Amino acid sequence: MIRIAIVLAVLCLMAVSSVAAPSLEDQVYAIARELMCPVCAGQTVAESNSQLAMQMRDEIRARLQRGESREQIIAFFVGQFGESVLAAPPRRGLGLAVWLTPVVVFLIGAAILVRFLQGARRRPSAEPRP
């Protein structure tokens with residue numbers, strides 16, 4: 001019984017360690033999902049099978065092996081292709097408007113709905129009360 005418990009504990013530790021440390025390929029595809037393919041319409045580097053996307057994934061892999069961080073790798077590609085290579089717009093300048101517009105529209109809609117419901121509750125009914 002104790003041996004079974006030890007084996008199960010070892011298996012759990014192995015499973016946790018494999019989940020905790022993403023492989024190199026997992027890291028490559030995580031970064032590649034944040035970059036748009038410059039020659040493909042609407043595809044990330046992770047999704048595209050173009051020659052350029054494969055070269056970009058190879059460059060990401062090489063830079064990760066050299067110990068560069070995710071931010072450094074993304075900054076390299078932004079330097080090469082401009083901010084249009086980012087899958088998500090930057091959260092500054094005009095990109096900030098893209099992030100904030102849905103929130104502002106939602107808040108305005110919620111305010112209009114609240115005012116409408118308050119007005120509907122205050123209106124007297126057409127039928128006289130006895």
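Residues numbered from 1 in each chain as written. Predicted model: local features only at pLDDT ≥ 70, side-chain atom pairs only at ≥ 80, totals over all residues. Heavy atoms only, no water.

**Concerning the environment of Ala62**
- With respect to the helices and strands, Ala62 occurs in helix H3 (residues 51-65).
- Separated by 34 residues in the primary sequence, Ala62 and Val28 place their C-alpha atoms 9.5 Å from one another. (Helix = DSSP H or I, 4+ residues; strand = E, 2+ residues; numbered from the N terminus.)

**Comments concerning the pattern of salt bridges**
- What the rule picks out here adds up to eight salt bridges.
- Here Glu25 and Arg61 are joined by a salt bridge, their closest N and O atoms 2.6 Å apart. Of this pair, Glu25 sits in helix H2 (residues 24-32) while Arg61 sits in helix H3, and the two are 36 residues apart along the sequence.
- Taken together, the shared-partner salt bridges connect Glu59, Arg63, Arg66 and Glu68 into one network. (Salt bridge = Lys/Arg side-chain N within 4 Å of Asp/Glu carboxyl O.)

**Some remarks on the nonpolar core**
- If you look at the biggest cluster of nonpolar residues, it comprises 16 residues, and the most contacted ones within it are Ile31, Leu35, Val45, Ile60, Leu64, Ile73 and Phe77.
- Tallying contributions element by element places H3 first for this core, with four residues.
- Ignoring anything within four residues of it in the chain, the contact list for Ile31 reads Ile60, Leu64, Arg70, Ile73 and Ile74. (Core = buried A, V, L, I, M, F, W, Y, C linked by side-chain atoms within 4.5 Å. Buried < 20%, exposed > 50% of the residue type's maximum accessible area, 1.4 Å probe, protein only. Contact = heavy atoms within 4.5 Å.)

**Notes on the packing of H3 against helix H4 (residues 70-81)**
- At a minimum axis distance of 10 Å, the contact between H3 and H4 shows a crossing angle of 140°. Comparing their axes, H4 and H3 come out oblique. The two elements H3 and H4 meet at a crossing, and its hand is right-handed. Seen from H3, the contacting residues are Leu52, Met56, Glu59, Ile60, Arg63 and Leu64; seen from H4, they are Ile73, Phe76, Phe77 and Phe81.
- Of the residues belonging to the contact of H3 with H4, the class tally is eight nonpolar, no polar and two charged. (Axes fitted to C-alpha atoms, helices over the stretch in contact; angles between N-to-C directions. Parallel < 35°, antiparallel > 145°, perpendicular 65-115°, else oblique. Left-handed = near helix turned anticlockwise from the far one by under 90°. Nonpolar A, V, L, I, M, F, W, Y, C, P; charged D, E, K, R; others polar.)

**With respect to H2**
- If you check which residues of H2 are buried, you get Val28, Ile31 and Ala32. Within H2, the buried residues cover an arc of 100° as seen down the axis, which keeps them to one side. (Arc of directions from axis to C-beta.)

**As for the packing of aromatic side chains**
- Scanning the entire structure with this criterion turns up two aromatic pairs.
- When the centroid spacing of 5.1 Å and the interplanar angle of 75° are considered together, the rings of Phe76 and Phe77 count as edge-to-face.
- Since its relative accessible area comes to 25%, Phe76 is described here as partly exposed.
- With a centroid separation of 6.5 Å and an interplanar angle of 10°, the aromatic rings of Phe77 and Phe81 are classed as stacked. Taken together, the residues span about one helical turn, with Phe77 and Phe81 both in helix H4 at a distance of four residues.
- Judged by its relative accessible area of 2%, Phe77 falls in the buried class.
- Residue Phe81 is classed as partly exposed on the basis of its relative accessible area, which comes to 33%. (Phe/Tyr/Trp six-rings, centres within 6.5 Å; stacked < 30°, edge-to-face > 60°.)

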